[in-house]
Amino acid sequence: MQAKSRSMLVAALVTSAIALLDAGTGGRAILLGLLIAGPLLAAASLDAQRTAIIGLYALGLAVLLGILDGIVGTTDHLLGCLVVATGGALGAWGAHRRTQQEQLLLRVSRIAEVAQQTILRPIPPRMGRVALAVRYLSATEDALVGGDFYEVAVTRHGLRVLVGDVKGKGLEAVQLAALVLASFRAAATRPGLVELAGELDHSIRPQLGEEDFVTAVLAQFSRHGELQLVNCGHPAPLRFRAGTVERLANAEPTTPLGLDPTPTIQRFPLVATDRVLLYTDGLVEARAPDGPPFELDGQVQAVGAAPSLGTALDGLVARLLDHAGGRLDDDLALVLAQPRL
């Protein structure tokens, strides 16, 4: 409100200054047309009502100056008043259109925030016996979410984690990501990861185009210290142990969801100091402005040594953005987990 009051005061002062300048010329210079500066200035930051008030103020001064200059009723005076009236009307119309656009943008932003909270719900730092940290970066300017996604669910089988990437970008990718997440939330308690992957594939197929698919990895952190993975065309997770980094892939990944996957279970032992990173290809495909790719093995060593999971991901994201020149070409989802056995 204070900002609007200041803007209105500035517009009124500009209008008054022009009127005083005209009056000071003793009628020798006709500056009536310049009075439109006030309404146009108001239109840049005020609503239609306030802009119209400034326009009427400018028109009133134009009429008054005609009397003071002794030209009231003349062609010059009438044309000057017409210019001011037209400028005020255009300014009010422009302010109305601008306000409508701002309100629409605000509504869209609020919808996007709700969509982000629905698609990528906040993950607590600990679920069951697993500590967690997540990070998400959208490569699209001003976008909150994209086609990458993650979700977790506590089940009687242990903590289950889903990380995936929809082929393509834009609204269609976001809609498909939301569909996969909704299906995961509904089917997360399936007896096994293979059945769960099959349910996800079955649920999204009717919504896919001919060239659409979704890469995904499902992870289950069992209570007895075993990690189970089902990989559907997705980059293999990483395990950090005693200063070493290992890609968790003892079998070839099956095809992505939507392309008739035939998943198999991969099993890996975990100890309490292990950390497991699940990620999307925005991490491995990031390139420097001059072309070199992000060297994953050399950059992620600090993930295992950082004092906390959140600090570890913050450091990884900072290195990635520094390598890529501050901007990513693809969305990025990261989930770092550490079992508390």
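Higher on the page you've got the structure.
It should be emphasised that the depicted structure is a prediction, and the values quoted were computed from it without experimental measurement. (Residues numbered from 1 in each chain as written. Predicted model: local features only at pLDDT ≥ 70, side-chain atom pairs only at ≥ 80, totals over all residues. Heavy atoms only, no water.)

## Some words on helix 3 (residues 48-69)
- With 22 residues, helix 3 should cover 32 Å at 1.5 Å per step; its first-to-last C-alpha distance of 31 Å lies within 8% of that length.
- Along helix 3, the residues that are buried comprise Thr51, Ile54, Gly55, Ala58, Leu61, Ala62, Leu65, Gly66 and Asp69. Taken around the axis of helix 3, the buried residues stretch over an arc of 145°, which confines them to a single face. Turned more than 90 degrees off the buried face of helix 3, the exposed positions are Gln49, Leu56 and Ile67.
- The first or second residue beyond helix 3 is Gly70, which carries a positive phi of 75°. (Helix = DSSP H or I, 4+ residues; strand = E, 2+ residues; numbered from the N terminus. Expected span 1.5 Å × (residues − 1). Buried < 20%, exposed > 50% of the residue type's maximum accessible area, 1.4 Å probe, protein only. Arc of directions from axis to C-beta.)

## Thoughts on the packing of helix 1 (residues 2-24) against helix 3
- Close contact between helix 1 and helix 3 brings their axes to 10 Å; oriented N to C, the two are set at 15°. On the basis of their axis angle, the class for helix 1 and helix 3 is roughly parallel. Crossing hand, helix 1 versus helix 3: right-handed. Of the residues in helix 3, those in contact with Lys4, Met8, Ala11, Ala12, Thr15, Ser16, Ala19, Asp22 and Ala23 of helix 1 are Arg50, Ile53, Ile54, Tyr57, Ala58, Leu61, Leu65 and Asp69.
- Split by residue class, the contact of helix 1 with helix 3 holds eleven nonpolar, two polar and four charged. (Axes fitted to C-alpha atoms, helices over the stretch in contact; angles between N-to-C directions. Parallel < 35°, antiparallel > 145°, perpendicular 65-115°, else oblique. Left-handed = near helix turned anticlockwise from the far one by under 90°. Contact = heavy atoms within 4.5 Å. Nonpolar A, V, L, I, M, F, W, Y, C, P; charged D, E, K, R; others polar.)

## Thoughts on the pattern of salt bridges
- In total, this model carries ten salt bridges according to the counting rule given.
- Close ionic contact of Arg135 with Asp314 constitutes a salt bridge, the shortest N to O distance being 2.8 Å. Residue Arg135 is located in strand 2 (residues 130-137), and its partner Asp314 is located in helix 9 (residues 309-323); the two are separated by 179 residues in the primary sequence.
- Asp274 serves as the salt-bridge partner of Arg241, at 2.6 Å between the closest nitrogen and oxygen. A residue pair is termed long-range when its members are at least 10 positions apart, and Arg241 in strand 7 (residues 238-241) and Asp274 in the loop between strand 9 (266-269) and strand 10 (275-279) qualify at 33 residues.
- A network of salt bridges, in which partner residues are shared, links Asp201, Arg205 and Asp260. (Salt bridge = Lys/Arg side-chain N within 4 Å of Asp/Glu carboxyl O.)

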